[in-house]
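The chain contents come next:
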Amino acid sequence: MNTVIEVKDLVKEYGKSRAVDRISFDVKSGEIFTLVGPNGAGKTTTVEILECLRKPTSGRVTILGYEIAKDEAKIKKRIGVVPQEFNAFERLTVLENVKLIADIYGRKGELKSYLELLDLWDVRNKKFKILSGGMKRRVGICMAAVSEPEILFLDEPTTGLDPEARRETWGVIKKLKETGKTVFLTTHYMEEAEKLSDRVAVIVKGKIVAMGAVKEMIEKHGGGYRVFTKVGGKEVEAIFKKYTDSIIKVDGGLCGKFLGKRDAAKVALDLYSRDIEAEIVEPGMEEVFLSLVGRKINERGEFE
Amino acid sequence: MRNVWIVFKTLVKDWLRSPTGVFFSFLFPVLLLLIFGTLFGGTENTRYALYIQNLDVDESGNQTNLSTAFIEAIKSTECFDIKPLDKDVNISAFVKNQQTIETLRFLVIPDGFEEKAINKTVVVRMGIIVDTLVYVINNYSQYMNASDIANITMGKEMLSAYLNQTNATSPEVLLIADEHAQSTQIIKGIIYSVSNGFNNQLTGASDIVIPKSEDLQQRRWRAADYYLPGYIAAFIMTNGIIGMTTTVTEYKRNGIVKRLSATPLSKRDWILGCILQQTFLGFALTLLMIGFSWAIFGVRAIPDLYAVSLIFIGCVLFSSIGMTLGGFVKDIEAANGIGNAIGFPLMFLSGAFWPVEVMPSYMQTIAKGSPVYYFHQGLREIMIYSEPANATISFVVLTVLAVIFTLLAIKITRWKDL
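Predicted model only: the values in this text are computed from it and were never measured.

(A) Structural view of the overall build of chain B. Counting its secondary structure elements, chain B contains 15 helices and four strands. For 418 residues, the compact-globule estimate of 2.2 N^0.38 gives 22 Å, and chain B exceeds it by more than 25% at 33 Å. Overall, the C-alpha framework of chain B stretches about 115 × 60 × 35 Å when taken along its three principal axes. Counting the 418 residues in chain B, one finds 43% classified as buried.

Listed below in structure tokens is the structure:
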């Protein structure tokens, strides 16, 4: 796969504060690459530098082979952007807003396929301001996609949406990937990063602390499978000890850690055979983040 | 230019669907036009209320002929709504029962008005005869024989002796009005004028200097015509400066500018599109104001090609000033404040609503430094006096400023790091 985004030693400073601190990464064509981290980690600053909306303090960035410092106009013609807290002309309809962007890109032809792809055809004549939050985000993605960009930058596209609207948006992003587009995503939702991404970079305080394919990251930093019981006691502990020495007490019950799924399943079956309820928890990006950073992120994107 | 047109179309559509935007851009100036138009160039003649108390009545209680004639002379000016006041009414008591005194005016015709007027008329006429006889003796005695001269001299001396014995006083009509009210001076002037005419009639003197007046309509223009260019200039200015500053700040605040800046749309095209949209609104506003002025005030000033060109340049100038202000203002409250702080003083100091000549001299200097002054002066030269050559300075000043502020708006507006 070709490299479509190349970032080397990127730094962005606001006065004395360093928002992005010598980060480097690259993004391959056709993949969904996610920059995940808490609020204030430098995600938006980074993505806006890639979108040519901010000037970097130092470092080198190339998009589709063009340097952002020299070829801004060429880059903008080939990328699509959904900014954080996206908005459109509120009194214009969905179709008018999408057509506006199509016109700016000089794109001729019908827009129906894009509106249908994003499930917006039925609401095309509704004014933007009366749409739900989820629909507004879809309009934003449609406006970004209508120029047929090679790379789509989605800056926190699901922040503030309810779970249902968030899942709808995920479906849309997956559809876009299926059309062959490269997607650069930022989010503070670990589940989103895990469900959508091919590769993930974890960013904290302007620095990338880990990067790689989602599966590899989970295997490497996820801390294995965990089996939880609601009750404790010597009998339960004895069962756990048959398979692992890593046992901790949690809320009156026990939690055992297992490297493989097989061992976790065995202990769970053993517990069930003695009428003891057990729950297997697979490791995910949340565990990866916890293991790497030592703290969790809440729904609002802040450290707990 | 294609993108400028795209931005223009979008903004016009967005604006047309905003009821408050339409209200403040169109209806608000039209309402002010109606108010100012009525105040400074209204459709009707002003008539002042005037109570007349005639105390000059005969034994039967009927008003004397001369006092009635005097009242008729006042009526004939058509400046007053005359309300007769009974001779028994005590004016002081009457005034005490009124809530406001500014519009209270009384003209009291005294008892003996007719008698005194006749006596004074006789005395004045005799005085004229004496003066005439003196003039004849002094200048024409060489053409007369001695007996004629003696007869004339005797007649003059007899009349002089009679005049010396007579103590005829003039009847005094009394105007009671609030001396602080602006209208009082006007009313005094009218009453004096009527009195003079009445005196001339009584003494048989013919008018020597005759003031003539002509309806301004015969010279084509009415007051509303004169003020219309000022209104147009002032409202294009407020729409440009206040409207544009708040609009672009709002687009910046709600993320639309950032969204557009991520596309191939250039900052220059965005700004030119905004200015073009505001120019369109300016023209629409001009048409509306002329339409209203035509329908309500009967104005006849219609912009020609020169006026249209100057309006275009004015729209560009004030929109570009608005864009420049919007370029560095961050929040909508500040945009409103700065737009009003600049727009309103410019509007009232420019002389758009009243001639700058009535202002103190230092204010006149400030007014003449305002671009709105050049705008409405230029429009007035073209639309009222049909002298486009006299608007050359206006064209030059506005064009230079329009170019400067458009370039400044492009320079100042941030398209990155929003």
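(B) Inspection of the interface of chain A and chain B at higher detail. At the interface, 29 residues of chain A touch 24 residues of chain B. The largest contributions to the chain A side of the interface with chain B come from Phe89(A), Arg91(A) and Ile104(A), which together make up 27% of the buried area. Between Lys13(B) and Glu96(A) there is a salt bridge; the shortest N-O distance is 3.8 Å. Per-element accounting of the side of chain A that touches chain B gives the leading share, five residues, to helix α3 (residues 94-104) of chain A. Residue classes in the side of chain A that touches chain B are distributed as 14 nonpolar, three polar and 12 charged.

(C) Just the pairing of strand β12 (residues 247-250) of chain A, in detail. All names here are of chain A. The pairing of β12 with strand β13 (residues 253-258) spans four bridges and is antiparallel. What sits directly across from valine 250, in β13, is glycine 253. Counting the residues in the hairpin turn of β12 and β13 gives two residues, including aspartate 251, whose phi is positive at 50°.

(D) Fine view of a nonpolar patch on the surface. Residue and element names in this part refer to chain B. Taken together, the side chains of Phe23, Phe24, Leu27, Phe28 and Leu31 make up a nonpolar region of the molecular surface, amounting to roughly 440 Å² of accessible area. As for its placement among the helices and strands, leucine 31 is situated in helix α2 (residues 19-41). Judged by relative accessible area, leucine 31 falls into the partly exposed class, the value being 42%.

(E) Spotlight on the domain arrangement of chain B. Segmenting chain B into domains produces domain 1 (2-42 + 222-412) and domain 2 (48-203). On a C-alpha basis, the centroid separation for the pair domain 1 of chain B and domain 2 of chain B is 57 Å.

(F) Representation of the nonpolar core. Residues Leu260(B), Trp270(B), Phe318(B) and Met323(B) are the most contacted members of the largest nonpolar core, which totals 100 residues. Among the elements that take part in this core, helix α8 (residues 223-253) of chain B stands out by supplying 13 residues, more than any other. In this structure, Trp270(B) is in contact with Val7(B), Leu11(B), Tyr251(B), Val257(B), Leu260(B), Leu265(B), Met323(B) and Trp415(B), ignoring residues within four places of it in sequence. Membership of the second largest hydrophobic core comes to 30 residues, among which are Val4(A), Val61(A), Phe153(A) and Ala201(A).

What counts, and where the lines are drawn
Residues numbered from 1 in each chain as written. Chains lettered and ligands numbered in written order. Predicted model: local features only at pLDDT ≥ 70, side-chain atom pairs only at ≥ 80, totals over all residues. Heavy atoms only, no water. Helix = DSSP H or I, 4+ residues; strand = E, 2+ residues; numbered from the N terminus. Rg over C-alpha atoms; globule rule 2.2 N^0.38 Å. Buried < 20%, exposed > 50% of the residue type's maximum accessible area, 1.4 Å probe, protein only. Contact = heavy atoms within 4.5 Å. Buried area = accessible area lost by both parts, 1.4 Å probe. Salt bridge = Lys/Arg side-chain N within 4 Å of Asp/Glu carboxyl O. Nonpolar A, V, L, I, M, F, W, Y, C, P; charged D, E, K, R; others polar. Pairing = 2+ DSSP bridges. Patch = residues over 30% accessible without salt bridge, like charges linked within 9 Å, V, L, I, M, F, W, Y side chains within 5 Å. Areas by Shrake-Rupley, 256 points an atom, 1.4 Å probe, with all protein chains shown as cover. Domains from an automatic or database assignment. Core = buried A, V, L, I, M, F, W, Y, C linked by side-chain atoms within 4.5 Å.

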